[in-house]
Amino acid sequence: MKIAFARPAWPKTGTLAVGVLAGRKFAPGAAALDRRTKGALARALRASRFDGKVGQTLSVLAPRGIGNGRVVLVGLGKPDKLDALAAQRAGGALVAHLADSGEATVGVAVDLAPNLAAHIALGARLRAYRFDKYRTTQKREEKPGLRALTLLIDEAAAARRAFAPLASTAAAVSRVRDLVNEPANVVHPRSFAAEAQKLAALDIEADVLGSKALRERGLNAMLGVAQGSANEPQLVILRWSGAGKSDAPVAFVGKGVTFDTGGISIKPAAGMEEMKGDMAGAGAVLGVLQALAARRARVNAVGLCAMVENMPSGTAQRPGDVVRSASGQTIEVVDTDAEGRLVLSDALWYAQDRFKPRAMIDLATLTGSIVTALGHEYAGLFSNDEALGRQLVAAGEATGERLWPMPFGEEYDERIKSDIADMKNDGGRWGDSINAAVLLKRFVGKTAWAHLDIAGVAWTDADLPTAPKGATGFGVRLLDRFVADNFEP
Ligand code: BES
Ligand code: MN
Ligand code: ZN
């Protein structure tokens, strides 16, 4: 979908969208249009339940007095609550409303400041995302309708300027959604690494460690997970250098299990296909690096994507196997389906050991337990550094990618005691998202670190205001904002 900004010379045909505030209050554009249509908009309002809440829309078809076939009323909510997130929701709702309408273009005149107009456009862009490259026989009525959206605003140049960085964030979100939506026969460790190498176009350096390099460096916990798969594991290391050479980087580490069968502790068949999305953490890391580079962020950042496939086979790791991780600590693998924490234990250790980051954030679709605890509204936040945790929570509130702090003190250590090794990778059913975080904590040294368990938010089974169902791209907006607010001059 094309997005443009233009000064309001109103199109005489096609669809027009205008804003309505809470309590059915017309914004100026809507009021003017209502007069020109001899009160058609007001009458339509009275005949409906539309009352101007954010996310509501109402189409008025063929009102008299104008040539436009359709006027869409877009709810903007209460003026004092009309922030960037509300504007994004309104833009998303408009796109969703017009998706099946048969309309190809829309002119949007909602009477907002340039910055909010830009966020309307961002919401529209995010909601218009589609993953339909594999549909070869799409029915006409299923085809996306809307091709172009033009925001009509006096300060068109300012709005366009405000939209530019948002558009590159949206592009990064779409990239992540694509990677997560792709099936596991297409996105596997090697192809993911190849995709990451394309970021060279943005001056991101990529290094890839294959199984030989991983063995030399002792990342045996990660290798153990990969050993049942025909696909070679890859530790993809991305570097964006936007600050001085001597500045320690911010590190992002992502769980990249391109398919999680559970291994020998195999998962039930029902719903297993969802486990193609078990690399959403690694996807988000790639996306954050892309977003930072695209806007030339004045920060040094490294992204580590720990890519493996968890398969059962004659070479697969067995329940009860003990691995010696890169840190030297040993782990008894009592459940091969608790593989994410094994992969991350090595990736986190390697990241802090090699890059000495000033802060380290990992993202992982780590546990079903976090979905039980928080549902799909919040990701779980575990941090060994209070200030870092607060910064992340704030970035989450600002971007709508929200985080909820979880406890994981020493009282939980008992849960992962092993009879024969330093720890085991499964602490039983209760509080498993915490058991996992307690294990990870042992692999970050003294680094300020936060772990985001995104199992409940990386994927959505129903359309959301700014995400159609499928992969959400969670983490890109959050961490781009986190860097902008805390690590850039
Ligand atoms: N990848 C899963 C977690 C997951 C569950 C992600 C649902 C997205 C949606 C993870 O590797 C896993 O299998 N975790 C197990 C751990 C258990 C065996 C200790 C779980 O949560 O059941
Ligand atoms: Mn698993
Ligand atoms: Zn997994």
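Small disclaimer: the values here were computed from a predicted structure and weren't measured.

Student: I'd like a description of empty space enclosed by the protein, backed by residues and values.
Tutor: This structure, assessed with the given rule, holds 1 cavity of 30 Å³ or more. In this structure, the largest cavity is lined by Gly224, Val225, Gln227, Gly228, Gly263, Asn310, Met311, Ala316, Gln317 and Thr336. Tallied by class, the residues present in the lining of the largest cavity amount to 3 nonpolar, 7 polar and no charged.

Student: Before we move on, could you go through the coordination of the manganese ion (ligand 2) and cite the residues and values that matter?
Tutor: Six octahedral donors around a metal ideally make angles of 90 or 180 degrees; four tetrahedral donors ideally make 109.5 degrees. Surrounding the manganese ion (ligand 2) are the protein donor atoms Asp260 (OD), Asp337 (O), Asp337 (OD) and Glu339 (OE), which sit 2.1 to 2.2 Å from the metal. Around the manganese ion (ligand 2), the 6 donor atoms sit at angles spanning 72 to 168°, and that spread fits a shape best called irregular. Taken in chain order, the donor set of the manganese ion (ligand 2) reads D-x76-D-x1-E. A separation of 3.2 Å is found between the manganese ion (ligand 2) and the zinc ion (ligand 3), which share Asp260 as a coordinating residue. You can see Asp260 sitting in strand β10 (residues 250–260) and its partner Glu339 sitting in the loop between β13 (330–333) and α10 (340–355), a full 79 residues away along the chain.

Student: Residue-level account of the coordination of the zinc ion (ligand 3), with values.
Tutor: Each protein donor to the zinc ion (ligand 3) is listed here as Lys255 (NZ), Asp260 (OD), Asp278 (OD) and Glu339 (OE); together their distances run 2.0 to 2.4 Å. One can describe the site at the zinc ion (ligand 3) as octahedral: its 6 donor atoms subtend angles covering 78 to 174° at the metal. A relative accessible area of 3% places Asp260 in the buried class. For Glu339, a relative accessible area of 1% translates into the label buried.

Student: Break down a positive patch on the surface for me, with residues and values.
Tutor: On the surface, Arg24, Lys38, Arg43, Arg46 and Arg64 cluster together into a patch of positive charge. Assignment of secondary structure puts Arg64 in the loop between β4 (57–61) and β5 (70–77).

Student: Explain the sheet that holds β13 to me, and be specific about the residues and the numbers.
Tutor: Ordered in space as β12-β13-β17, the 3 strands form an open sheet in which the pairing is mixed. Only two strands of the sheet have a single neighbouring strand rather than two, namely β12 (321–324) and β17 (423–424).

Student: Any details on the domain arrangement of the protein chain? Residues and values, ideally.
Tutor: On domain assignment, one finds that the protein chain holds domain 1 (2–155) and domain 2 (169–486). If you average the C-alpha positions of domain 1 and of domain 2, the two centres end up 38 Å apart. Taken over both partners, the interface formed by domain 1 and domain 2 buries close to 1300 Å², and the fraction arising from carbon and sulfur atoms is 62%. Area buried by domain 1 at its contact with domain 2 is led by Leu126, Arg127 and Tyr129, which between them contribute 50% of it. Taken together, the links from domain 1 to domain 2 amount to 2 salt bridges.

Student: Kindly report on the sheet that holds strand β11 (residues 300–310), identifying the contributing residues and their values.
Tutor: Overall, mixed pairing links the 8 strands, which are arranged β8-β9-β11-β10-β14-β18-β15-β16 in an open sheet. Edge positions in the sheet fall to β8 (205–209) and β16 (403–405), since each of these pairs with one other strand and no more. With strand direction ignored, the average angle separating the axes of adjacent strands in the sheet is 20°. Relative to strand β9 (residues 234–241), β8 is paired through 5 bridges, and the arrangement is antiparallel.

Student: Please set out the nonpolar core residue by residue, giving values where relevant.
Tutor: Nonpolar side chains in soluble globular proteins generally cluster together in the buried interior. Within the largest apolar cluster, 91 residues are counted, with the highest numbers of intra-cluster contacts made by Phe192, Phe252 and Phe482. Per-element accounting of this core gives the leading share, 11 residues, to helix α5 (residues 156–181). Viewed by domain, this core spans two of them, domain 1 (2–155) and domain 2 (169–486), each represented by three or more residues. Apart from the residues within four sequence positions on either side, Phe252 is in contact with Val285, Val288, Leu289, Leu292, Ala301, Val302, Gly303, Leu304, Ile361, Leu479 and Val483. Of all hydrophobic cores here, the second largest spans 48 residues; its members include Val253, Val257, Leu304 and Leu374.

Student: Describe the site of ligand 1, with residues and values.
Tutor: Lining the immediate environment of ligand 1, one finds 17 residues, of which Lys267, Asp278, Asp337, Glu339 and Gly368 sit closest. Asp260 places a side-chain nitrogen or oxygen 2.9 Å from an oxygen atom of ligand 1. At 2.8 Å, a side-chain N or O of Glu339 approaches an oxygen atom of ligand 1. The fraction of the free accessible surface of ligand 1 (520 Å²) that becomes covered by protein chains is 78%.

Student: Account for the packing of helix α9 (residues 280–294) against helix α14 (residues 476–486), naming residues and giving values.
Tutor: The contact between α9 and α14 brings their axes to 9 Å, and the two run at 45°. Comparing their axes, α14 and α9 come out oblique. For α9 against α14, the interelement crossing comes out right-handed. Each of Ala284, Gly287, Val288, Ala291 and Leu292 in α9 lies in contact with α14, whose residues at this interface are Val476, Leu479, Asp480 and Val483.

Student: How would you explain the pairing of β11 if you had to name every residue and give the values?
Tutor: It is a general feature of regular strands that their side chains alternate between the two faces of the sheet. Counting buried residues in β11 gives 11 out of 11 residues, a clear majority hidden from the surface. Residues Asn300, Val302, Leu304, Ala306, Val308 and Asn310 line one face of β11 and the alternating positions Ala301, Gly303, Cys305, Met307 and Glu309 line the opposite face, and both faces are buried. Sheet topology places β9 next to β11; 8 bridges connect them, and they run antiparallel. Bridging across to β11, Leu238 finds its partner in Gly303. With 10 bridges joining them, β10 and β11 adopt parallel strand pairing. The partner of Asp260 across the bridge, within β11, is Asn310.

Student: Got a sec to walk through unusual backbone geometry? Specific residues and values, please.
Tutor: The backbone phi angle of Arg24 is positive, close to 60°, even though this residue is not glycine. Within the secondary structure layout, Arg24 lies in the loop between β2 (15–21) and β3 (25–26). Judged by its relative accessible area of 32%, Arg24 falls in the partly exposed class. With phi around 45°, Ala62 is a residue other than glycine that occupies positive phi space. The residue Ala62 is located in the loop between β4 and β5 in this model. Under the relative-accessibility criterion, Ala62 is labelled exposed at 57%.

Quick notes on the rules
- Residues numbered from 1 in each chain as written.
- Chains lettered and ligands numbered in written order.
- Predicted model: local features only at pLDDT ≥ 70, side-chain atom pairs only at ≥ 80, totals over all residues.
- Heavy atoms only, no water.
- 1 Å grid on protein atoms, 1.4 Å probe; cavity = no way out; pocket = protein on both sides within 12 Å on 5 of 7 lines; lining within 4 Å.
- Points joined across faces, edges and corners; volume = space filled by probe spheres on them.
- Nonpolar A, V, L, I, M, F, W, Y, C, P; charged D, E, K, R; others polar.
- Donors = N, O, S within 2.8 Å, 3.2 Å for Na, K, Ca; no water.
- Tetrahedral: all angles 85-135°; square planar, octahedral: opposite > 155°, others 65-115°.
- Helix = DSSP H or I, 4+ residues; strand = E, 2+ residues; numbered from the N terminus.
- Buried < 20%, exposed > 50% of the residue type's maximum accessible area, 1.4 Å probe, protein only.
- Patch = residues over 30% accessible without salt bridge, like charges linked within 9 Å, V, L, I, M, F, W, Y side chains within 5 Å.
- Areas by Shrake-Rupley, 256 points an atom, 1.4 Å probe, with all protein chains shown as cover.
- Salt bridge = Lys/Arg side-chain N within 4 Å of Asp/Glu carboxyl O.
- Lys, Arg positive; Asp, Glu negative; His and termini not counted.
- Charge placed at Lys NZ, Arg CZ, Asp CG, Glu CD.
- Pairing = 2+ DSSP bridges.
- Domains from an automatic or database assignment.
- Buried area = accessible area lost by both parts, 1.4 Å probe.
- Axes fitted to C-alpha atoms, helices over the stretch in contact; angles between N-to-C directions.
- Core = buried A, V, L, I, M, F, W, Y, C linked by side-chain atoms within 4.5 Å.
- Contact = heavy atoms within 4.5 Å.
- Near = heavy atom within 4 Å.
- Polar contact = N/O pair within 3.5 Å; in protein donor to acceptor, adjacent residues only side chain to side chain.
- Parallel < 35°, antiparallel > 145°, perpendicular 65-115°, else oblique.
- Left-handed = near helix turned anticlockwise from the far one by under 90°.

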